[in-house]
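Residue-level listing of the chains:
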Amino acid sequence: MDYKIHQGRNVKRFREMLGIKQEALAMDLGEDWNQKKISLLEQKETIENQLLEKISEVLKIPVEAFQNFDEEQAVNLISCTFSDNAMFNNRIEVQNINPIDKIIQLHEEKIALYERMLKEKDEMMSRLEKLLEK
């Protein structure tokens, strides 16, 4: 089974992923381009390399992406990667952080810091009193 990559469909896919309208792409490609011409381009199975390079430059996507991206293979790869058995290989650890516990911890740290500052202040005051007595 010889499957050919549909380059026009790939241009459309990447353009849509980037949120770019056909009119905007036409403007970026030059004065001789319009929305209708982009629509026709996206229906072509094969696009000339020079034009692909220009589209690549405008969309900032490598030419190879338009030439090689195959949605079926991508979906197959994703489905194989995220199947039930594959999930055991990719450990996902979920951390449940209770916000109230975190607030209590921060409050205790603040109290400890305040107590240290008070102790240092008392020590500084006693040193100053000793200096004044001399």
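Please read these numbers as outputs of a predicted model, since none were measured by experiment. (Residues numbered from 1 in each chain as written. Predicted model: local features only at pLDDT ≥ 70, side-chain atom pairs only at ≥ 80, totals over all residues. Heavy atoms only, no water.)

## Some thoughts on the overall build of the protein
Broken down by element type, the protein carries eight helices and zero strands. Counted from the first residue to the last, the protein has its helices and strands arranged as α-α-α-α-α-α-α-α. Evaluated residue by residue, the protein yields a buried proportion of 22% over its 134 residues. Residue pairs at least 24 apart in sequence account for 62% of intrachain contacts in the protein once pairs closer than 6 positions are excluded. (Helix = DSSP H or I, 4+ residues; strand = E, 2+ residues; numbered from the N terminus. Buried < 20%, exposed > 50% of the residue type's maximum accessible area, 1.4 Å probe, protein only. Contact = heavy atoms within 4.5 Å.)

## Side note on the pattern of salt bridges
Tallied over the entire structure, the rule returns four salt bridges. Between K121 and D122 there is a salt bridge whose closest N-O contact spans 3.7 Å. Salt bridges sharing common partners tie together R15, E16 and E42. (Salt bridge = Lys/Arg side-chain N within 4 Å of Asp/Glu carboxyl O.)

## Quick notes on a nonpolar patch on the surface
Taken together, M124, M125, L128 and L131 make up a surface patch of nonpolar side chains, about 400 Å² in accessible area. Tracing the sequence through the fold places L131 in helix α8 (residues 99-133). The class of L131 is exposed, set by a relative accessible area of 58%. (Patch = residues over 30% accessible without salt bridge, like charges linked within 9 Å, V, L, I, M, F, W, Y side chains within 5 Å. Areas by Shrake-Rupley, 256 points an atom, 1.4 Å probe, with all protein chains shown as cover.)

## As for the nonpolar core
Formed by 17 residues in total, the largest nonpolar core has its most connected members in V11, W33, I55 and F66. Mapped onto this core, the elements with two or more residues apiece are α1 (7-17), α2 (22-29), α3 (35-43), α4 (49-59) and α5 (63-68). Among the elements that line this core, the one with the most residues is α4, at four residues. If sequence neighbours within four positions are ignored, V11 has contacts with L25, E42, I47, L52, I55 and F66. (Core = buried A, V, L, I, M, F, W, Y, C linked by side-chain atoms within 4.5 Å.)

## Quick notes on α1
The complete set of buried residues in α1 reads Q7, G8, N10, V11, R13, F14 and R15. In the stretch just after α1, G19 is the one whose phi turns positive, near 75°.

## Considering the packing of aromatic side chains
This model, assessed by the stated rule, comprises one aromatic pair. Between F14 and F66 the ring centres are 5.6 Å apart and the planes differ by 85°, which places this aromatic pair in the edge-to-face class. One end of the pair, F14, is in helix α1; the other, F66, is in helix α5, and 52 residues separate them in sequence. On the accessibility criterion, F66 (0% relative accessible area) is buried. (Phe/Tyr/Trp six-rings, centres within 6.5 Å; stacked < 30°, edge-to-face > 60°.)

## Topic: the environment of V11
Along the polypeptide, V11 turns up in helix α1. The buried category is assigned to V11, whose relative accessible area is 0%. The spacing of V11 and E42 is 31 residues in sequence and 6.3 Å in space, taken between C-alpha atoms.

## Notes on the environment of S126
Tracing the chain through its elements places S126 in helix α8. Using a relative accessible area of 32% as the deciding quantity, one classes S126 as partly exposed.

## So, the packing of α2 against α3
When two helices pack together, you describe them by how their axes are tilted relative to each other and by the distance separating the axes. Interhelical geometry of α2 versus α3 gives an angle of 100° and a closest axis separation of 8 Å. Judged by the angle between their axes, α2 and α3 are roughly perpendicular. Here α2 contributes Q22, E23, L25, A26 and L29 to the contact with α3, which in turn contributes Q35, I38, S39 and E42. Of the residues contributing to the contact of α2 with α3, the split by class is four nonpolar, three polar and two charged. (Axes fitted to C-alpha atoms, helices over the stretch in contact; angles between N-to-C directions. Parallel < 35°, antiparallel > 145°, perpendicular 65-115°, else oblique. Nonpolar A, V, L, I, M, F, W, Y, C, P; charged D, E, K, R; others polar.)

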